Structure formats: C-alpha cells, structure tokens
There are 2 protein chains.
Amino acid sequence: MYKLILRHPGPTPIPKKVNMAMSQDIISHRSPEFIKLFRETTARIKPLFGTEQDVLLLAASGTAALEAAAVNAVSPGEKVVVISIGAFGDYFAAICEKYGFDVHKLQKTWGEACTPEELEAFLKPLNNIKAVFATYCETSTGVLNPIEDLAKIVKKNTDALFIVDGVSCIGAVPAKMDEWGIDILATGSQKALMLPPGLALISVSEQAWKAIENNQTPVYYLNLLTYRDWFEQGMTPNTSAVTLIYGLSAVCDLIEEETFARTVERHELMKKMVKEAMNALDIDLLASEPFMSPTVTAIRTPKYLDLEQFLQLLKQKYHLDFAGGLGSLQGQIFRFGHMGYCFPADVLEAVSLMEAGLKELSYPFEMGAGVKAAADTLSATKADIQVKI
Amino acid sequence: MYKLILRHPGPTPIPKKVNMAMSQDIISHRSPEFIKLFRETTARIKPLFGTEQDVLLLAASGTAALEAAAVNAVSPGEKVVVISIGAFGDYFAAICEKYGFDVHKLQKTWGEACTPEELEAFLKPLNNIKAVFATYCETSTGVLNPIEDLAKIVKKNTDALFIVDGVSCIGAVPAKMDEWGIDILATGSQKALMLPPGLALISVSEQAWKAIENNQTPVYYLNLLTYRDWFEQGMTPNTSAVTLIYGLSAVCDLIEEETFARTVERHELMKKMVKEAMNALDIDLLASEPFMSPTVTAIRTPKYLDLEQFLQLLKQKYHLDFAGGLGSLQGQIFRFGHMGYCFPADVLEAVSLMEAGLKELSYPFEMGAGVKAAADTLSATKADIQVKI
C-alpha cells in the first residue's frame, strides 16, 4: 500500500509514461516498425552523449558496456591507466586485470576526484599507453571527475584512448564526447535515463573504432564490431530489448519536453538543495565542491548515530530507502540518489522524512532547518526549472 | 489502431498481467524485497527446466547465455562436438570457433533432426570430448531434436558435458535436465516464457560446475561462478533486470494456474492444428514427425506463390506477421510461431487470415478447408486445454 520512496543511485523510479510506452504490443526486432523506432531513438539520444557517432544499444546491464569497452579496444598485455576514485573505478581496474592488461592504477582516496595535474604527473613516466579509463560519476562516493579536463590531459600527453564510465550520470550532466575527446562513453538505462535496468548504451570514436578493428581478442555477445554492422541496418545482432527501446523513446520525449539544458539545471539544483540541507543540519558530506555529483550525494553518518538503525527506521517507518556505503565506506556514509525521475519536491520530501527519523533517534538538531535550507535554495531559482511531466 | 497479430517465433506477445507486473514501482536490486522476489521466482522456474539446480538469471539476451555456457565450461583448444540442424546450431558452432575450441560439427540438412544413432556414429571415432552442444528446438526450421535420447548417447559414450540451447522451447515442452543428463540448459525470456527480451536463464549441473571451476578463460559479465556466488545471497552480481523478474513472477503465476502439464499439451495441440490445417490446404511443411516443434512450424512456400508478396499482403492488409526463412531457407519457407501467450483460437485466426491471403493471390485451394481441419483437431481434444488467463 505505502509508496516506496526510492532514493538510491539506481535503479531509479520509472515515469508512468515510460511504463506505458513499455507496455505497448511487442514487435519483431527485425520488422520495419522496429527499425524505424531504433533509428529514431538512437539518433535522439546523441545529444545526451554529445556525439555525432552512433549510440549502440546492448541488451545488458551497464557493467557489460564497460567490459565491452575494455575487451574490444585493448588486447592482453597492453598498457592501460585506470583512474580509480571509488568502487566503480576499482571495478574497471578488475575488468582490465581479468583480461590481462598491464594495469597502472591511479588510486585516489575515496571521496576525492582526480585532478588534471595528478593525472598529468601520473602519465609522465609512462609510455605506450593504449587506454586511460575513468569514471565520470563515481556512484560509491558521489564524486564527479573533471572529465573534460582529464580528457585534455590524456590527449595532450598520450596517444591513448580515453574510455569513460558514464553509468550514473549520463542524461543528467553535460557530456560532450566529441568535443572533449572521449573515445568510448558507456552508460546504463537504470540511472539518469529513468528506465528499468537491462539496456546498455555505448558510443565509440573513430580512433577507438580503429583500435577495435585491429583487436583479435575473442568476444561474441559484447563484440562491438557486430553491433556496428547491424546498426547500419537499424537493428542489433541479437534480439533487441524491444520494450526498453520503446521506453527509451518515451524518455527522449520527456527530456526533449523539459529540454536537456534544463534537465542538467534541475540536477544541479537538487545537488545544491541536498548540500544546503545537510549544512543546515550540521551533517558532513563525503565529497566537496567543485567535484560533487548532481546525481547522488554521499552523506557521512551523523555523529553518534547508529547508521544501520537510522536507515532501517527510515525504510520501515517512512518507506524512504537510501543506499548504504560500499566497501570501506560501509557504515561510514549513506547515499542519497537524486537523478532521473526526481524533482526538487522529492528532495524536500526526503529531507523532511530524514529529519523525522533524526528526531526519533534524539539526534541534536533544529527540527526543520534542513527542509528550510533546501526550500530556500529552491525558491531562489528561476521559475521554469520544475517542469510538469 | 489495428491489432498486430505477431506470429513470430520470438519475441512473442506479452500477457497483460505480465505488463502490469512489470509496471510495479521499481525496487533496489540489493533490497530485502528484491531478494525475496528473486528467491521465490528462481525456485518457481525450476520445474520448467526439470532441475533441482539453481536457475541463474542474466540481464542479457538468450545468445549471451549460450556464450556463457560455452566460454565458462570449455577452454580454447578443447574438443567439442556441435550438433547443427539449422541456423542456431551454426550459431553455437560459431561461438565455439570464435573461442578457439577444436570444433567437430555434426551437420544435418536443415529441416531434419539429429537421431541418436547418427550422434553415436559421429562420436565413435572421437575421444577426449569436453562437451557436446545441441539445440533443443531449432528456431530456423521448427525442428525439435530428441534431446532426451541424445543425452543418453552422450552419457553412454563419453564423459563430455551436454550443453543445450533451449531458447525457443523451454516453458512449452517437457524438459528434465537432471533426469536426462543435460549439464547446461539455457533459454531466453522472449519466447515461450511470454516476457520481453532481455533476460537469460541458465542452469548448470554439478559436473559442469566442476569444469567451470577449473576453467581459466577470462570472462567477466558472463562469469557464471560470480552469478553462483551472488545467487546464494538472492541477488545477481550486476544490477538485475528487476522489471523482467517481476514479469517472470507473473509468468509463473500464469503457468502454475494453467499447470505446466497443460501448457505442454496446449502447445502440442497448436502444433497439430497447424499441421492438419496445412495438410488440408495441401501446403508442405519443412519438418516431419516425430520431430516437429510444438512452438514453431516452418511452412514451405505454397507452389507458384511469390512468398515475399504473400507475407507482405498478410502483414499490410490483415496485420498478420509471420517470420520469413533464415539463411538458405530464405524464400523457401515462412515460420508460424505458436508459443507462449498463444492459444488455439489464435491458430484459427491466423490460418483463416492466411486463407484470405491465399484466395486474394488466386492460389488454388478449397477456401475454409484449413480452418475446418484445425477446428476439427481442436474440438476433438478434451475440454480443459484452453484455459482462461
């Protein structure tokens, strides 16, 4: 009966219009109707990647797209740099190690971003780097790497491909793949794109296609060359995730209605609202500006609070579901997801319920201060940010 | 406006109850609610595989499950036998060749099954076979291999694993993985399981797990050991296809309501109805008994008919969508899918529209004879086959 308030960094809530689009009668993935849907939808998604390249669609989770990027572009033994600022950077490194790449890991403390200076210094003693891997938004820490600046460093100092995990932010943040010099950009459906899990999206630069064409590593389901061949016919090599592509088309409707620029602004606003609310409650954040992600905020466990008990209370009494910390941050932080089908009103709701929970646990704070700060931030913005969908 | 009558061998129509289940509010793939759903649903799907083993769920198409079976169980250079009776057998062989297995292909003419005697003779001169691959239902020809008998031959003559592609039949035909001696059985969601594409299901025997544990081939997204580890916690390693698992739970409701035994009978009946209708129309079938699939019938192009023109007419005038032939059978056959959310009434509808199309193209036949034969077959069955869902 109760409405679940899912404030995770993915999967995220699905708009009703997307559910409805996904409930349309299914069609064959080899029919002219599908080809039309596929061509139109993959074209409409390009602005979210900032690319003139094709955006390939795989029936798989975002992880599969990351693996596809690695295994298609790099051969065993080749040198790669993996920038890790958290759990998903480690994940990228694990994939590269599994396939026998010569992995040089630029490891940052969780909660920090990698700066262009750090990357440049790290690259200096290395040569013949085949690829540099980076996470755009690190879901485990709520940190956004300065991807545009990192791309410049890679291009200035190396001939390497720049391969970016955009899973928990593409569709909510600016991305200019072509202009910045990203060679492979991958994301998943269940984050800012407001879809259920199961669709991976990946786009590849000319330079990366050349590397992929020369790569001999055996790969079948995740073979990007096969996807490129079929893309030209308006299809995928295997049975497409037809319903998710119906849904993606509806997502394009929603974002085009809001305009992508305002979608980006809305996410910036929500980040700011959460930040101001936590400041007002004197609760620390893990990340700091200018590297805080507009899609997810990692909040440090309020002093003297039993985090497990707090999250359980919020979930069971108020049906508010935050995500816990991963790895070494378990118990240290919780994560407030605010991406995709999430609006300033949802932030106010969650902050308010959070305060109710804090009060019940006798946490010392001024009740209402967080909501007030968030609402102040909201009211200070221009009128057209919160659009009706 | 017009209802599309999709009579393909997949994707197949989705029941409304499944669409509704898939429209539920999304939950985290790491939440107790999801774990409960996952555990219950994976247990309920076991009878369709005929196994006491776990049924693992991958967010991917059926192809990925076939690749997972191959790459996890067999190492490069190892000897395998691939029984190919059509396009999807060839597909299995292509995957095996891609990964550098020593492939011995038992190639049958398209439209025929592989008999136990043929397999036994083929295996005789070979030794040290790591795995035998076979297709249960060959979607491209509508032929069902005698999997139980083939399994016996494999187990009697070799120590090999028996790896079966069940994509276009599991959920509609008997399958007794444990009893028959199938080591890996894989299927996809979008066929007899009445779901959208995007979920792969795979089950693995004890013997196959041993082989997988000893295999060193690098694989990440399709690493079955990782799926097994996470399965014990009621989850998948990556973000689960939550909505498809909601849908799978509804599919279990529907099949349990009908009872799986009657689901199997219903498919047998529909196969017989199509066969009798085509006989009455004097139109030849590609396959013959006892190897005709209960899920899809390959029908030879009626004499003197332009197949392309015929299928276009049915699609454009009557919104009836049959599938064409694949590979060398293109133009030679068309395929009438009758699996999953398909009932005897749907067969009558499609046969009747087919007759209307034949008449319009001045095909010489007795109008109504096909429908009459199919209806005769239907009326001769016992009452409880066509259940209300």
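All of these numbers come straight from a predicted model, not from anything done at the bench.

Caption draft 1: The overall build of chain A, seen in detail. Each helix and strand in chain A was counted, giving 15 helices and 13 strands. Against the compact-globule benchmark of 21 Å for 389 residues, chain A has a radius of gyration of 21 Å, which places it among compact chains. With respect to the principal axes defined by its C-alpha atoms, chain A has extents near 60 × 55 × 35 Å. Residues classed as buried in chain A amount to 65% of the 389 residues present. In chain A, the share of contacts with a sequence separation of at least 24, taken over all contacts with a separation of at least 6, comes to 73%. Of the roughly 14100 Å² of accessible surface on chain A, a fraction of 51% belongs to carbon and sulfur atoms.

Caption draft 2: Structural view of the packing of aromatic side chains. Residue and element names in this part refer to chain A. Following the criterion strictly, the structure yields 24 aromatic pairs over all chains and no others. On the numbers, 5.3 Å between centres and 65° between planes, the contact of Phe 38 with Phe 231 is edge-to-face. Taken together, the residues span a long stretch of sequence, with Phe 38 in helix H2 (residues 32-44) and Phe 231 in helix H10 (residues 224-231) at a distance of 193 residues. Side by side, Phe 38 and Phe 231 carry an identical accessibility label, which is buried. With a centroid separation of 5.3 Å and 90° between ring planes, the pair formed by Tyr 341 and Phe 343 is classed as edge-to-face.

Caption draft 3: Layout of the UniProt feature "domain: Aminotransferase class V" (unreviewed entry) in chain A. Within this structure's numbering, the places UniProt gives as "domain: Aminotransferase class V" (unreviewed entry) are residues 27-314 of chain A. Span residues 27-314 of chain A is 44% helix and 17% strand, its end C-alpha atoms 42 Å apart.

Caption draft 4: Broad picture of the relation of the copies chain A and chain B. With an RMSD of 0.0 Å, the fit of chain A onto chain B corresponds to turning through 180° and sliding 0.0 Å along the axis. Such values leave the two copies arranged in the relation of a two-fold axis. Across chain A, the smallest distance between a C-alpha and the rotation axis is recorded for Ala 60 of chain A, namely 2.3 Å. Mapped onto chain B, 100% of the interface residues of chain A again fall at the interface, so both copies present the same surface.

Caption draft 5: The interface of chain A and chain B, seen in detail. Taken together, the contacts link 44 residues of chain A with 44 residues of chain B. Both sides together, the interface formed by chain A and chain B hides about 3700 Å², and carbon and sulfur atoms give 62% of it. When residues of chain A are sorted by the area they lose upon contact with chain B, Ile 26, Tyr 220 and Tyr 221 of chain A head the list and together hold 20% of the total. For the interface between chain A and chain B, the tally reads two salt bridges. Measuring nitrogen to oxygen at the nearest pair gives 3.0 Å for the salt bridge that ties Glu 33 of chain A to Lys 315 of chain B. Going through the elements one at a time, helix H1 (16-22), H2, helix H4 (62-73), helix H5 (87-98) and helix H11 (242-258) of chain A are the ones with two or more residues in the side of chain A that touches chain B. Per-element tally for the side of chain A that touches chain B: the top contributor is H5 of chain A, with four residues. Looking at the side of chain A that touches chain B residue by residue, the classes come out as 24 nonpolar, 16 polar and four charged.

Caption draft 6: Here's a closer look at the packing of helix H12 (residues 260-281) of chain A against helix H15 (residues 369-379) of chain A. Residue and element names in this part refer to chain A. One way to put it is that H12 packs onto H15 with a least axis distance of 7 Å and a crossing angle of 145°. Considering how the two elements wind past one another, H12 and H15 form a crossing that is right-handed. Residues Leu 269, Lys 272, Met 273, Glu 276, Ala 277, Ala 280 and Leu 281 of H12 pack against Ala 369, Gly 370, Ala 373, Ala 374, Thr 377 and Leu 378 of H15. Its residues placed into classes, the contact of H12 with H15 shows nine nonpolar, two polar and two charged.

Caption draft 7: Representation of the sheet that holds strand E11 (residues 296-300) of chain A. Residues and elements named next belong to chain A. Sheet architecture is open: four strands sit in the order E1-E12-E13-E11, paired in mixed fashion. The open sheet has two free edges, formed respectively by strand E1 (5-7) and E11, since each of these has just one partner strand. Between one strand axis and the next, the sheet turns through 35° on average, direction left out of account. On the sheet, helix H14 (residues 344-360) packs against E1, strand E12 (320-324) and strand E13 (333-337) and is oriented at approximately 85° with respect to E12.

Caption draft 8: Region of interest: the sheet that holds strand E4 (residues 102-107) of chain A. Residues and elements named next belong to chain A. Ordered by their spatial adjacency, seven strands build an open sheet running E2-E10-E9-E8-E5-E3-E4, and the pairing between neighbours is mixed. Unpaired on one side and paired on the other, strand E2 (55-59) and E4 mark the two borders of the sheet. Strand after strand, the sheet turns through a mean of 20° between neighbouring axes, direction not considered. Direction of pairing for strand E3 (residues 79-84) relative to strand E5 (residues 129-135): parallel, over a ladder of four bridges. Its bridge partner lying in E5, Val 82 is registered against Phe 133. Sitting on the sheet, H10 touches E2 and strand E10 (199-204), and the angle it makes with E2 is about 115°.

Caption draft 9: Summary view of helix H13 (residues 307-318) of chain B. When the terminal C-alpha atoms of H13 of chain B are compared, their 16 Å separation across twelve residues agrees well with the 16 Å that a helix rising 1.5 Å per residue should span. Those residues of H13 of chain B that are buried lie in contact with H2 of chain A together with strand E1 (5-7), strand E12 (320-324), strand E13 (333-337) and helix H14 (344-360) of chain B. Near the N-terminus of H13 of chain B, the side chain that reaches the backbone nitrogen of Glu 308 of chain B, with its oxygen 3.1 Å away, is that of Asp 306 of chain B. Trailing H13 of chain B by a residue or two, His 319 of chain B shows a phi angle of about 60°, which is positive.

Caption draft 10: A look at empty space enclosed by the protein. Taken as a whole and judged by the stated rule, the model has six cavities of 30 Å³ or more. For the largest cavity, the calculated volume is near 100 Å³. Lining the largest cavity are 14 residues, with Glu 67 and Tyr 99 of chain A together with Glu 67, Tyr 99 and Val 219 of chain B sitting closest to its centre. Among the secondary structure elements, those contributing two or more residues to the lining of the largest cavity are H4 of chain A together with helix H4 (62-73) of chain B.

Caption draft 11: Quick look at the pattern of salt bridges. Residue and element names in this part refer to chain B. Within this structure, the stated rule accounts for 40 salt bridges over all chains. In this structure, the salt-bridge partner of Asp 90 is Lys 105, at a minimum N-O distance of 3.0 Å. One end of the pair, Asp 90, is in helix H5 (residues 87-98); the other, Lys 105, is in strand E4 (residues 102-107), and 15 residues separate them in sequence. Taking the relative accessible area as the measure of exposure, Asp 90 reaches 24% and is therefore partly exposed.

Caption draft 12: Local environment of the domain arrangement of chain A. Residues and elements named next belong to chain A. Domain parsing of chain A yields domain 1 (5-9 + 260-385) and domain 2 (16-256). Here domain 1 and domain 2 have C-alpha centroids that lie 28 Å from each other. Residue-level contacts link 22 residues of domain 1 with 26 residues of domain 2. The junction of domain 1 with domain 2 conceals about 1900 Å² of combined surface from both sides, 70% of it contributed by carbon and sulfur atoms. Per-residue buried area on domain 1 facing domain 2 is highest for Phe 260, Phe 291 and Leu 326; these three make up 31% of the total on that side. Our count for the contact surface shared by domain 1 and domain 2 stands at zero salt bridges. Counting across the domain 1 and domain 2 interface gives five residue pairs in polar contact (both at pLDDT 80 or more). Among the elements of the structure, H12, E11 and E13 are those that each provide at least two residues to the side of domain 1 that touches domain 2.

Rules used throughout
Residues numbered from 1 in each chain as written. Chains lettered and ligands numbered in written order. Predicted model: local features only at pLDDT ≥ 70, side-chain atom pairs only at ≥ 80, totals over all residues. Heavy atoms only, no water. Helix = DSSP H or I, 4+ residues; strand = E, 2+ residues; numbered from the N terminus. Rg over C-alpha atoms; globule rule 2.2 N^0.38 Å. Buried < 20%, exposed > 50% of the residue type's maximum accessible area, 1.4 Å probe, protein only. Contact = heavy atoms within 4.5 Å. Areas by Shrake-Rupley, 256 points an atom, 1.4 Å probe, with all protein chains shown as cover. Phe/Tyr/Trp six-rings, centres within 6.5 Å; stacked < 30°, edge-to-face > 60°. UniProt positions renumbered as here; feature names shortened; annotations may be inferred. Least-squares fit on C-alpha atoms with pLDDT ≥ 70 in both. Buried area = accessible area lost by both parts, 1.4 Å probe. Salt bridge = Lys/Arg side-chain N within 4 Å of Asp/Glu carboxyl O. Nonpolar A, V, L, I, M, F, W, Y, C, P; charged D, E, K, R; others polar. Axes fitted to C-alpha atoms, helices over the stretch in contact; angles between N-to-C directions. Left-handed = near helix turned anticlockwise from the far one by under 90°. Pairing = 2+ DSSP bridges. Expected span 1.5 Å × (residues − 1). Polar contact = N/O pair within 3.5 Å; in protein donor to acceptor, adjacent residues only side chain to side chain. 1 Å grid on protein atoms, 1.4 Å probe; cavity = no way out; pocket = protein on both sides within 12 Å on 5 of 7 lines; lining within 4 Å. Points joined across faces, edges and corners; volume = space filled by probe spheres on them. Domains from an automatic or database assignment.

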